[in-house]
Amino acid sequence: METYRWYNLINNNSEISQGDIFIDYKIPTVIKTGDEAFDVRVLQTNCIVLTQACDLANNKIDMVTLCSLIPIEIYVKSLYDSSPASSQDKKIKQIEKCIKDIRQGFIHKFLLLNNYNDNSYSMGYQIADFSHLYSVSLEELKRYAQQINNRIRLCPPYRDYLSQGFARYFMR
């Protein structure tokens, strides 16, 4: 059985592509506060590029689609804290079932991504949350990418796995 790398570590000179992961990226969001009043707030999140690599490479777009990445330990803690189960054993079994369902693709809005560790960069397991999408300027994302040292990029066939998961979420 052939094994494939999940990620490549890339430097800040690399072009933006599908599967690029940005940690603690700041995204402006607009919140309606009244009939004609709005507030702009900044959301800091881990995110992954969903826009097709060919569209990015051929400069066919101005805006890039991103989705939130949830570190698995944060997701597990939120499941544990919100679980109605009365005992710790029951809560743990519910969490294990939920993570298994995500891994097997039964919870369409989520996709589990592997961890990454090397000497210069590390990232724990992440859950792509297709229900939290953002559109940001390609030029802004390029500026941000220049400011950070390195980032990781999802490799094929896992990049295709991401695209298929995103498509399944919208096709259902």
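What counts as what
Residues numbered from 1 in each chain as written. Predicted model: local features only at pLDDT ≥ 70, side-chain atom pairs only at ≥ 80, totals over all residues. Heavy atoms only, no water. Axes fitted to C-alpha atoms, helices over the stretch in contact; angles between N-to-C directions. Helix = DSSP H or I, 4+ residues; strand = E, 2+ residues; numbered from the N terminus. Parallel < 35°, antiparallel > 145°, perpendicular 65-115°, else oblique. Left-handed = near helix turned anticlockwise from the far one by under 90°. Contact = heavy atoms within 4.5 Å. Nonpolar A, V, L, I, M, F, W, Y, C, P; charged D, E, K, R; others polar. Buried < 20%, exposed > 50% of the residue type's maximum accessible area, 1.4 Å probe, protein only. Pairing = 2+ DSSP bridges.

(A) The arrangement of the packing of helix H2 (residues 72-82) against helix H3 (residues 88-103) in detail. Contact pair H2 / H3: the axes reach a minimum separation of 10 Å and the direction vectors enclose 135°. The angle between H2 and H3 falls in the class oblique. Relative to H3, H2 is oriented so that their crossing is right-handed. Listed contacts from H3 to Ile72, Tyr75, Val76, Leu79 and Tyr80 of H2 are Gln88, Lys91, Ile95, Cys98, Ile99 and Ile102. Its residues assigned to classes, the contact of H2 with H3 comprises 9 nonpolar, 1 polar and 1 charged.

(B) View of the pairing of strand S5 (residues 110-113). Every second residue of S5 is oriented toward a common face, with Phe110 and Leu112 on one face and Leu111 and Leu113 on the other, all of them buried. Across 4 bridges, the pairing between S5 and strand S8 (residues 126-137) is antiparallel. Paired with Phe110 across the strands is Asp129, a residue of S8.

(C) Spatial organisation of the sheet that holds strand S2 (residues 20-32). Read from one edge to the other, the open sheet built from 7 strands follows the order S1-S9-S2-S3-S4-S8-S5, with strand pairing classed as antiparallel. On the outer flanks of this sheet lie strand S1 (7-11) and S5, each paired with one strand and no other. Strand-to-strand twist across the sheet, computed as the mean angle between neighbouring axes with direction ignored, equals 55°. The pairing of strand S4 (residues 63-71) with S8 spans 9 bridges and is antiparallel. Opposite Met63, over in S8, you have Ser137 as the bridge partner. The sheet strands contacting helix H5 (residues 158-171) are strand S3 (38-49), S5, S8 and strand S9 (150-154), and the helix crosses S8 at an angle near 85°.

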